[in-house]
Amino acid sequence: MIAEESAPALERGAAWLARQPVVPITLVWTIGACLVSSLSDAHWVVTNSSYVNAIWLGLLCGAALARSRFRSLTALAYTVCLSLLCAGEWVGGIMRPLWAGRADVLWAMSVRLEALLLRLRSWGAALANRSAIHDTGLFVFLSVFVLWNVGVWLVWTLARRRRVWEGLLPAAALLAVNIHLSGQKPLLLSVFIVAGGLLAAYVPYVDHHADWDKRQVDYPDEMWIAWGGSAAVIACGIALVAQGAVWVGTPAGWHAIGDMWISAQRQAADVASRLFADVSPPRVQAPPPVAPGSGAQSSVPAQLQVASAALPPDLKLIGNVPDQSPAIVMWVQTSDPAPYPPDVADRTRRTPPPQHYWRTGIFTAYNGSGWEPLDFSAEGETTGPEIQPRGRYRLLQHFEILATHGNNLFAANLPITVTAGAQVQFSRLGDSATVAGSVSNYQVLSWVSLASATQLDSAGTDYPPEIASTYLQLPETLPQRVRALADRITAAAATPYEKAQLIQEYLRSNLTYTLRVPPPPAGQDAVDYFLFEAPGGYCSYYASAMAVMLRIEGVPARVVTGYAMGDYDFQRGAYSVPGASAHAWVEVYFPAYGWVEFEPTASRSEFDRSSQSPPVPPVPTQALPSLSEVKILGLIPWGYLVAGVGLVLLGMSVVRAYRGLEPGWNTPRGRARYLYRQMRAGLAGAGLHAPENLTPDEFRYACETPLANYPALALALAEATRLYVRATFSGRAPNPSETGHVGRLWFRALGERLSLWWRANLTGVRQSRRSPKPRGSTRMRA
Amino acid sequence: MEPVEDAGLWTAVRKIRAAVSQPWVVRRYSYSDRLVTLALRQRLPLAALAVVLVWYLAAPSEVTAIGLTALGGFLAFSFLWARAMAQQVTARRALHYTALQVGDEIEEIVTLNNASVFPVAWAEFRDQSNLPGYTVSSVRTADPQSELTWRAHTLCTRRGTFTLGPWEMRLGDPLNIFSVQQIYTQRQEILIYPPLAPLPPHLLPHAAAMGTHRPLHQPVPAETIDAITVRAYVPGDPIRHVHWRTTARRQAPFAKVFEPEASSTVWLIPDFDPAVHAGSGIDTTEEMMVLLTASLAAQLLKMHLSVGLLACTDTLKVVPPRAGSMHLWSVLRALTPLHPVEGGATLSYTLAQARPLITVGDLTVAITPAVTGNWPAALRQLTHRGGGAEALLIDPAAFGGQGQVEAARAALMELALTANIVRRGDLRPAPGAYGALRRWEFVTLGTGRVVARQRPREMTPPPGAA
């Protein structure tokens, strides 16, 4: 009984559903979801990102307006007013007391309304005064207004004006700008392209049907198969091609291609140097000398540069704000294991790989306003890679510097060897080394510290005299209060490591990190200014303060500059180091352990040193793969490529098998027929069709004029026709050598076939213009 | 003055808007049988592409590369698709039978050929044929490299001269960015002859005078050489009937009139005065009159009589009397396109125009639904030269008209003219009466030679239509 009663309801429901425009609703919903997802992930406003849902309200409002009798101007006024009200509610929350069930609803709402008006007034005043507006409410207000109206416009243009592109383009522009500014992956843009393309096909499809219905023109019901299928293939194909365009149409893609070229050049050079070891290249005129650090020495092509220049902090004068550019300066690949993705690391609590900094400058003497760089003019000695120092392991790094740079290259801690084009420079004391050279792509092997806190704590104070004399230097003008503060901080410390830890902790905890700090007044010590007077500071101040206070306490320390580790790019398998990673930090000397990094800057995480020695990462046994290889391998959608090629091959096989399947196809007679059919199909593809009433010889005669300029093709056709006629109508079957001969003729005519096909299909030159095309069916039963 | 300027400004804005909203013709192709226009319907993607291109050139990024590729891809794909539709999709239509009568089925074979690698998502045929109830307008789809053939047909319900074509085919890409219009300019005129009906014997003319119920004279197979007089030449007269001496003397063409005993001629004079006809659609006195005229001509020709036709609409239409079955087509071809026109001639005027053509012994048959007027007197005057005259009166009351047909008949009889009344339902068209038109008929002569007696008629335009 229930089933009997529910059946009509189900039928009515199905009929109602069938009447609804499910397809456009789904596509519009997809477009809205793309916008919401992209804007939510952008986190323009950290505190609240629910404002992006205004687009749903806009879509609903647009649907209602499209169904109303409103004209365009009325609808425009209506939606503008509604969107302003909605934006005000979103920002001011005037109606929220209603939902909260408070007793004093009216009072609460009036207070909220007044607060909103005050905010509006303050925004106006700020705009008039051209002062900064720190209230994110203005952004939310405008965002809600824009999103609402984009949604309304999308639905209005689709449902009322029936102009798809007008509705899609504002939404597409909004999505594109958001993705561009927030640096998101453009996957959502591809989804939008697919949905938009389908929508662009759906609306004219419906419009044509309505027009045909109105004019009572008969049309086939199954038309949507060809139409929708074609639109889907076009939209998906273009979305895929657009994803591929990222590779060939962006600086990053050009960079990958350039890497491939450079890698090939290097391999060719290696092979050439191996094969022609004793052959000297011809002398060429040397280029004019270029000033060091001008960037012109870079071998990186100009179009591959992402950041303009590599600009590590300059500590010769403390007070220069470090580079904050998000542009990529370099890619660094290491022999350490790759870090886990953030979600995996959070879930599994796995230990991240050791943290490293990419050092380029070492500073020794502090003069109260800045630091003097270490002199590498005299070559010294260092520990070779065969003997492992205490608390260290070998780290192989592959640098690929995109920005222009000077002669000083980058390396972690203590570089030992470097690939051709660069060299390791050792300090006079032999305790430090840096890498110099003009190359932008090099590999370097370094000893990096892996000493645990226990090991460093027990390192002692047996400093070499040269180290102590160099790295305990302090200016005489250093204010006393700095010394007093250092003493007070380290009063409880018994070992140099404890002192370093306490000073680092003090700086990280008690001083504010900010880039908006005025430079030190003339004549005032920079460290004193930072510790006692400045509103805060950045890495140069932090590092200088720690190094000075450690020297006060008798611990050798120095300030070094370079770049922080950067963010790991899982696609490339390398660290992407932006300009904003420019950094200054502290290295403290521990007897037998050498220079160990410390991080006093509050904005960066400190080095993790457990009490026990962490496991030593595997020693690199071979050179790292080229970054270009990694990038290209990562960028190419191998799965799709292989699947696509496989599908094409499978389809070709099926077609060939279908064409070849006939009784006796493997006999010379069948082979002759197959060859002829293949030839006819190829000629039909080039525009040479024939009706069924033409005999093979008549067809050959008809083709003589169109094939006048294609003698090889005409010969192949003539021979294939002769053989086919004989195989079909004569009792004398062709022999294998004859069919082989025709096959070879057909193969030799490949060039002319391609030329004919090209002229017929791509240049628009129809064969029928040169000779009247036989009218009739396209196929002839061969 | 300002409102005028405003009006001018608004007019200019409207003109610009109208010009912008028109599809932008990208290319035109001219073929022997068709004109093809490829037009850009959606200009917004092109404008957006230009903007994204500028953005891309200024700051290449992933987003701009994707946007550029997507917009360029959509435009390029749509253009290639539409170009293939313009160049490699053709259509043709072939008329199966070219000789038709009311009641026949007109049939055309329409073929859509797609030689491109793209499927035809939609191909809309727009036919401007004016044959009532007939069109090949429809929408079709076709697979790549395929040909689609279908049959368009309808029943011919109206006699007349009609035109098939011109017609056009509209195509486009699935995204509707480009549109293709193929205009096939050729047109084909077809004649749909009026139907025929078997006539009851009492409707056939019998005698040249009242009271003599003998059959009409049987004509000799050919004209004699004895011409008794001349008359003014009318179009349709054989050239050999021209009397050159009189023509030279009077500086106007004159035709010979042969000896009355040698031929027996019936003139059929239908009345195309719009004021006397009644009815609507195809159920009118006019169609009844045409049916009666055509059937009468067929019957009389079958009786080996010479039959002539004289009708006057806005112009005078004369088919000189001739014998033989083939002459039926001349009569029908002249009769088929005739319709009453506003301000057309009355029957009295038409009969007056016939007077110079009537010779001794000719029988005049007036066919009319007119029950009033002075046309009986005009008809009576045609008998003064020794000929006969009859009237076939179509009852207008049966078609919603007014007038007493019996009174008209009485008036005619008072003038010693024979009159028969034809009422609605008296004549029933015989379907397929022209079936011979569509097939070959052969006869075997006594010598054993086989000759074609009837062959399928090809369409020929009516005289003077070219």
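The structure we're discussing is the one just above.
How each quantity is defined
Residues numbered from 1 in each chain as written. Chains lettered and ligands numbered in written order. Predicted model: local features only at pLDDT ≥ 70, side-chain atom pairs only at ≥ 80, totals over all residues. Heavy atoms only, no water. Pairing = 2+ DSSP bridges. Helix = DSSP H or I, 4+ residues; strand = E, 2+ residues; numbered from the N terminus. Axes fitted to C-alpha atoms, helices over the stretch in contact; angles between N-to-C directions. Contact = heavy atoms within 4.5 Å. Polar contact = N/O pair within 3.5 Å; in protein donor to acceptor, adjacent residues only side chain to side chain. Phe/Tyr/Trp six-rings, centres within 6.5 Å; stacked < 30°, edge-to-face > 60°. Buried < 20%, exposed > 50% of the residue type's maximum accessible area, 1.4 Å probe, protein only. Lys NZ or Arg CZ within 6 Å of the ring centre and 35° of its normal. Buried area = accessible area lost by both parts, 1.4 Å probe. Salt bridge = Lys/Arg side-chain N within 4 Å of Asp/Glu carboxyl O. Nonpolar A, V, L, I, M, F, W, Y, C, P; charged D, E, K, R; others polar.

*Asks:* Would you take a moment to explain the sheet that holds strand β8 (residues 146-155) of chain B for this structure?
*Replies:* Strand-to-strand pairing in sheets goes through backbone hydrogen bonds, with the strands running parallel or antiparallel. Residues and elements named next belong to chain B. On the basis of which strands lie adjacent, the open sheet formed by three strands has the order β3-β5-β8 and antiparallel pairing. Only two strands of the sheet have a single partner each, and these edge strands are β3 (89-95) and β8. Neighbouring strand axes in the sheet, compared pairwise and without regard to direction, differ in orientation by 20° on average. In terms of strand pairing, strand β5 (residues 105-114) meets β8 through 10 bridges, oriented antiparallel. What sits directly across from T111, in β8, is T149. Across the sheet, helix α3 (residues 62-88) is in contact with β3 and β5; its angle to β3 comes to roughly 35°.

*Asks:* Please explain the side chain of T514 of chain A as it appears in this structure.
*Replies:* All names here are of chain A. For T514, the position within the fold is in the loop between α16 (496-510) and α17 (526-532). At 3.0 Å, the side chain of T514 forms a polar contact with the backbone nitrogen of R516. Residues within four places of T514 in sequence aside, it is in contact with P535, G536, G537 and Y538.

*Asks:* Looking at this structure, how should I read the packing of aromatic side chains?
*Replies:* To describe a pair of aromatic rings, one takes the distance between the centres and the angle between the planes. Residues and elements named next belong to chain A. Counting across every chain of the model gives 36 aromatic pairs over all chains. Their ring planes at 45° and their centres at 5.0 Å tell us that Y366 and W371 sit as a pair that is tilted. Assigned by exposure class, Y366 and W371 land together as buried. Ring pairs connect the aromatic residues Y513, Y529, F530, Y538, Y541 and Y542, which therefore count as one cluster. Directly above the aromatic system of F699 lies the positively charged group of R680, at a separation of 3.8 Å from the ring centroid. The cationic tip of R753 hangs over the ring face of W746; the distance from NZ or CZ to the ring centre is 3.9 Å.

*Asks:* What should I look at first to understand the interface of chain B and chain A in this one?
*Replies:* Buried accessible area, meaning the area lost when the parts come together, often serves as the stated size of an interface. With 44 residues of chain B at the contact, the number on the chain A side is 54 residues. Summed over both partners, the interface of chain B with chain A comes to about 4,200 Å²; 66% of that surface belongs to carbon and sulfur atoms. Seen at the junction of chain B and chain A, the total is two salt bridges. Counting every contact that joins chain B to chain A gives six residue pairs in polar contact (both at pLDDT 80 or more). Looking at the side of chain B that touches chain A, the elements that each hand over two or more residues are α2 (44-58), α3, β6 (120-127), β7 (138-142) and β8 of chain B. No other element matches the 14 residues that α3 of chain B contributes to the side of chain B that touches chain A. Taken together, the residues of the side of chain B that touches chain A break down into 24 nonpolar, 13 polar and seven charged.

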